[in-house]
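Structure assessment
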2 protein chains.
Amino acid sequence: MIGKDIEKLIKIISKLPSLGPRSSRRIVLHLLKKKDSSMQPLIEALSSISQNIKTCEICGNYDTASPCSICSSDKKLSDILCVVQDVSDLWAMEKVSSFNGRYHVLGGVLSALDGVAPEDLNIENLLYRIKKEGINEVILALPATVDGQITAHYLLSKLKEVNVNVTTLAQGIPMGAELDYMDEGTLQLAFSSRKAL
Amino acid sequence: MIGKDIEKLIKIISKLPSLGPRSSRRIVLHLLKKKDSSMQPLIEALSSISQNIKTCEICGNYDTASPCSICSSDKKLSDILCVVQDVSDLWAMEKVSSFNGRYHVLGGVLSALDGVAPEDLNIENLLYRIKKEGINEVILALPATVDGQITAHYLLSKLKEVNVNVTTLAQGIPMGAELDYMDEGTLQLAFSSRKAL
């Protein structure tokens, strides 16, 4: 018999990804105990985001401004585009700063099972950007799944029409991996794509 | 280069218990994608709790009313009190409905290391409640740690003065446990407190 309002908050938080009822209770207790230093800043940050969040009209990233801070930055290379499935992939790539170009969020991958067709993805806009922004290279950073690779092939056929260099991320053994834990597909791929030293 | 406001929200959420930067990013993306069905209800629930939350003047529980819903319920036994360290313990006990009395939250346990003295705990009020509410039995449900047991002993000496039955939770082998994974202390305790069948 925990108070109704508190139960409701626990339920809402427990439905967020990577949380459950137990961790949600711990979080709510933490928020209640540190009302000023933890709950208030959280409410303010959430409210501010909720009011100001926009989807960037150019690349599809989330930001409080549109065009987003990446598209409007003059420190990013302007002739290279990285095509990703989702905003989460874009954020993951921005964490490691090994790429200094701009992005294009497809909003999904082609999928016969889930009924995702080319017109459901942000592809028209990609072709338009390539022409308008004078893009020289498009990096396809799509997931290494069947659907991801089918999408990459489809995009490749479309991109050939607009005369642009298309590359894709290297596939192989991930860093720090033990070879005997690797699946056969990855090992085969790593052999066939072996590099001269 | 994720937007500043979004980074701020990710940072705040990543400091909550059981969360880190990666799960926090996942949660923020989920909130951004499901703004109406997930972010708005969360903001409303948080704001409502933040404005209305109170510490129950009788037992120390958190609720939107004081006395809390447990202290003001007429379905709870009125002559039996369960003394717990923290509100989290109270919530855990309310989850399993094996106890139908009221609670008293100490707000900590005695600790020489952390400098917690008897006057820092909600003990005076406990003695006052026992007299005023005509309490018949006090169950000490304190942690099975050294500090918890010292606190239980201290409370026992205090409670002897006010003529009330004092009990404590049974200790022994937890349900579903393998004996060879149990520590020596627990096994010793389980032997010395063995029960006739």
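Conventions adopted
Residues numbered from 1 in each chain as written. Chains lettered and ligands numbered in written order. Predicted model: local features only at pLDDT ≥ 70, side-chain atom pairs only at ≥ 80, totals over all residues. Heavy atoms only, no water. Contact = heavy atoms within 4.5 Å. Buried area = accessible area lost by both parts, 1.4 Å probe. Salt bridge = Lys/Arg side-chain N within 4 Å of Asp/Glu carboxyl O. Polar contact = N/O pair within 3.5 Å; in protein donor to acceptor, adjacent residues only side chain to side chain. Helix = DSSP H or I, 4+ residues; strand = E, 2+ residues; numbered from the N terminus. Nonpolar A, V, L, I, M, F, W, Y, C, P; charged D, E, K, R; others polar. Pairing = 2+ DSSP bridges. Axes fitted to C-alpha atoms, helices over the stretch in contact; angles between N-to-C directions. Phe/Tyr/Trp six-rings, centres within 6.5 Å; stacked < 30°, edge-to-face > 60°. Core = buried A, V, L, I, M, F, W, Y, C linked by side-chain atoms within 4.5 Å. Buried < 20%, exposed > 50% of the residue type's maximum accessible area, 1.4 Å probe, protein only. Least-squares fit on C-alpha atoms with pLDDT ≥ 70 in both.

Things to note about the interface of chain A and chain B
- With 52 residues of chain A in contact, the opposing surface of chain B contributes 52 residues.
- Of the roughly 4900 Å² buried where chain A meets chain B, counting both sides, 73% is carbon and sulfur surface.
- Remark: the boundary between chain A and chain B carries two salt bridges.
- A salt bridge links Asp 86 of chain A to Lys 33 of chain B, with the nearest nitrogen and oxygen atoms 2.9 Å apart.
- The tally of links from chain A across to chain B stands at six residue pairs in polar contact (both at pLDDT 80 or more).
- Those elements giving two or more residues to the side of chain A that touches chain B turn out to be helix H1 (4-14), helix H2 (21-33), helix H3 (35-52), strand S2 (62-63) and helix H4 (87-95) of chain A.
- With 13 residues, the top contributor of residues to the side of chain A that touches chain B is H3 of chain A.
- By residue class, the composition of the side of chain A that touches chain B is 27 nonpolar, 13 polar and twelve charged.

Observations regarding the sheet that holds strand S6 (residues 165-168) of chain A
Residue and element names in this part refer to chain A.
- With parallel pairing, four strands are arranged side by side in an open sheet as S4-S3-S5-S6. At either end of the open sheet lies a strand with only one pairing partner, and these are strand S4 (102-105) and S6. Mean inter-strand twist for the sheet, computed between neighbouring axes without regard to direction, equals 25°.
- Relative to strand S5 (residues 137-141), strand S3 (residues 80-84) runs parallel, the two sharing five bridges. Residue pairing in the sheet places Val 84 in a bridge with Ala 141 of S5.
- Running over the sheet, helix H6 (residues 146-160) touches S3, S5 and S6 and is turned about 165° from S5.

Some thoughts on the packing of aromatic side chains
- Inspection of every chain in the model, using the stated rule, returns two aromatic pairs over all chains.
- With a centroid separation of 5.3 Å and an interplanar angle of 70°, the aromatic rings of Phe 99 of chain B and Tyr 103 of chain B are classed as edge-to-face.

Some points on the nonpolar core
- Residues Ile 6 and Trp 91 of chain A together with Ile 6 and Trp 91 of chain B are the most contacted members of the largest nonpolar core, which totals 76 residues.
- Sequence-distant contacts of Ile 6 of chain A, that is, excluding residues within four places in its chain, are made with Val 28 and Leu 32 of chain A together with Ile 49, Ile 53, Tyr 62, Asp 63 and Trp 91 of chain B.
- Ranked by size, the runner-up nonpolar core spans 19 residues in total, among them Val 109, Leu 110, Val 162 and Val 164 of chain B.

Observations regarding the relation of the copies chain A and chain B
- For these two chains of identical sequence, chain A goes onto chain B by a turn of 180° and a shift of 0.0 Å along the axis, with RMSD 0.0 Å. A rotation of that kind, with that shift, is consistent with a two-fold axis. Proximity to the rotation axis, assessed at the C-alpha, singles out Ile 43 of chain A in chain A; its C-alpha lies 3.2 Å from the axis.
- Looking at chain A, 100% of its interface residues are interface residues in chain B too, so the copies touch through the same face.

None of the figures reported here should be taken as evidence of function without further support.
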